[in-house]
Amino acid sequence: MENYAKRSDLELLHMLQRGDRFAYTEIFERYKFILHHHAIKKLPNREEVKDIVQEVFTMLWTRREGMNIHTNLSGYLYTSLKHSILDHFSKQKVRDKYVDSMKDFAVQGVILPDYRIREKQLSAAIEAEISMLPEKMRIVFELSRKTYLSHSEIAAQLGISEKTVNRQISNALKILRSRLGLLAYLAFLIRY
């Protein structure tokens, strides 16, 4: 087997663009701790940092064929991480507004005139977060929550074990809980 650790970033990048999974793994191993260390300075929540770093590497793989990196690989990954963190902060502000709105609603106990609008916006935020789950996790989760299939039915349909189905749904709920905040998560559970 070829020794990928001795390859330069540029060589690994060219191999990655051709779909070489080992090159991708080497890039991941080479940069995951550096990106994590940088992101933890910006975000205090380690789980959010892990998610963001994972998203950067997921994007690297999914966009590998169309990438046109003009600088170097480390610069590209750093810039991707920076954009992901800024995107996270932007989404967090929106989520915080929704949570504050839900708190106000809970305190007042009265239906506000714009309640329906907020409900639709919250539904859209929930759907957006579900769509950002990893593909296999999203499929399992949607089969469970939207088509109301049992875990055994999902396992049979997808050709995976029930244990895998349980783990995927559990992980999806953890991710959604951390991304949506407690009140939105509770509203989500009631809705689904």
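What counts and what doesn't
- Residues numbered from 1 in each chain as written.
- Predicted model: local features only at pLDDT ≥ 70, side-chain atom pairs only at ≥ 80, totals over all residues.
- Heavy atoms only, no water.
- Helix = DSSP H or I, 4+ residues; strand = E, 2+ residues; numbered from the N terminus.
- Expected span 1.5 Å × (residues − 1).
- Buried < 20%, exposed > 50% of the residue type's maximum accessible area, 1.4 Å probe, protein only.
- Arc of directions from axis to C-beta.
- Lys, Arg positive; Asp, Glu negative; His and termini not counted.
- Salt bridge = Lys/Arg side-chain N within 4 Å of Asp/Glu carboxyl O.
- Core = buried A, V, L, I, M, F, W, Y, C linked by side-chain atoms within 4.5 Å.
- Contact = heavy atoms within 4.5 Å.
- pLDDT = per-residue confidence, 0-100.
- Phe/Tyr/Trp six-rings, centres within 6.5 Å; stacked < 30°, edge-to-face > 60°.
- Lys NZ or Arg CZ within 6 Å of the ring centre and 35° of its normal.
- Axes fitted to C-alpha atoms, helices over the stretch in contact; angles between N-to-C directions.
- Parallel < 35°, antiparallel > 145°, perpendicular 65-115°, else oblique.
- Nonpolar A, V, L, I, M, F, W, Y, C, P; charged D, E, K, R; others polar.

1. A closer look at helix H8 (residues 162–180)
Here comes step 1: The terminal C-alpha atoms of H8 lie 26 Å apart, and with 19 residues this matches the ideal 27 Å at 1.5 Å per residue to within 8%.
Here comes step 2: Within H8, burial applies to Val165, Gln168, Ile169, Ala172, Leu173, Ile175, Leu176, Arg179 and Leu180. The buried residues of H8 occupy an angular sector of 165° when the element is viewed end-on, so they sit on one face.

2. Observations regarding the side chain of Arg145
Here comes step 1: Mapping Arg145 onto the fold places it in helix H6 (residues 135–145).
Here comes step 2: Buried charge without a partner: Arg145 forms no salt bridge, and the closest opposite charge is Glu127, 11 Å away.

3. Comments concerning the nonpolar core
Here comes step 1: Leu16, Ile27, Leu35, Phe57, Leu60, Leu77 and Leu81 are the most contacted members of the largest nonpolar core, which has 26 residues in total.
Here comes step 2: Taken together, the elements giving at least two residues each to this core come down to helix H1 (9–17), helix H2 (21–42), helix H3 (46–62) and helix H4 (73–108).
Here comes step 3: Apart from residues no more than four positions distant in its own chain, Leu77 is found in contact with Ile27, Tyr31, Leu35, Val56, Phe57 and Leu60.
Here comes step 4: In this structure, Phe141, Leu143, Leu173 and Leu180 belong to the second largest nonpolar core, which totals 17 residues.

4. With respect to the environment of Ala23
Here comes step 1: Tracing the chain through its elements places Ala23 in helix H2.
Here comes step 2: Residues Ala23 and Glu11 lie 12 residues apart in sequence; the distance between their C-alpha atoms is 8.7 Å.

5. As for the confidence of the model for the protein chain
If pLDDT is low for a region, its predicted coordinates should not be looked at in detail.
Here comes step 1: When the pLDDT values of the protein chain are averaged, the result is 82; 85% of them are 70 or greater.
Here comes step 2: Within the protein chain, H2 carries the highest mean pLDDT (92), whereas helix H9 (residues 182–191) carries the lowest (54).

6. Focus on unusual backbone geometry
Here comes step 1: Of note in this structure, Tyr148 is not a glycine but carries a positive phi near 60°.
Here comes step 2: Looking at the element boundaries, Tyr148 is found in the loop between H6 and helix H7 (151–158).
Here comes step 3: Given a relative accessible area of 59%, Tyr148 falls into the exposed group.

7. Thoughts on the side chain of Glu129
Here comes step 1: Take Glu129: it is sitting in helix H5 (residues 115–131).
Here comes step 2: Discounting chain neighbours no more than four positions away, the residues touching Glu129 are Lys91, Arg95, Leu176, Arg179 and Leu180.

8. Focus: the packing of aromatic side chains
Here comes step 1: In the structure shown here, the tally under the stated rule is three aromatic pairs.
Here comes step 2: Positioned over the ring face of Trp61 is Arg64, at 3.8 Å from the centre of the ring.

9. Thoughts on the pattern of salt bridges
Here comes step 1: Applying the stated criterion across every chain, the model contains 10 salt bridges.
Here comes step 2: For Glu11, the salt bridge is made with Arg7, and the minimal N-O distance between the two is 3.6 Å.
Here comes step 3: Accessibility expressed as a relative area gives 35% for Glu11, which makes it partly exposed.
Here comes step 4: On the accessibility criterion, Arg7 (27% relative accessible area) is partly exposed.
Here comes step 5: Between Glu142 and Arg138 there is a salt bridge, and its shortest N-O distance comes to 3.2 Å. With a gap of four residues between them, Glu142 and Arg138 both fall in helix H6, about one helical turn apart.
Here comes step 6: One salt-bridge network, in which partners are shared between bridges, spans Glu127, Arg138, Glu142 and Lys146.

10. Digging into the packing of H6 against H8
Here comes step 1: Here H6 crosses H8 at 95°, and the two axes come no closer than 9 Å. One finds that H6 runs roughly perpendicular with respect to H8. Residue-level inspection shows Met137, Val140, Phe141, Ser144 and Arg145 of H6 in contact with H8, the latter providing Val165, Gln168, Ile169, Asn171, Ala172, Leu173, Ile175 and Leu176.
Here comes step 2: Its residues placed into classes, the contact of H6 with H8 shows nine nonpolar, three polar and one charged.

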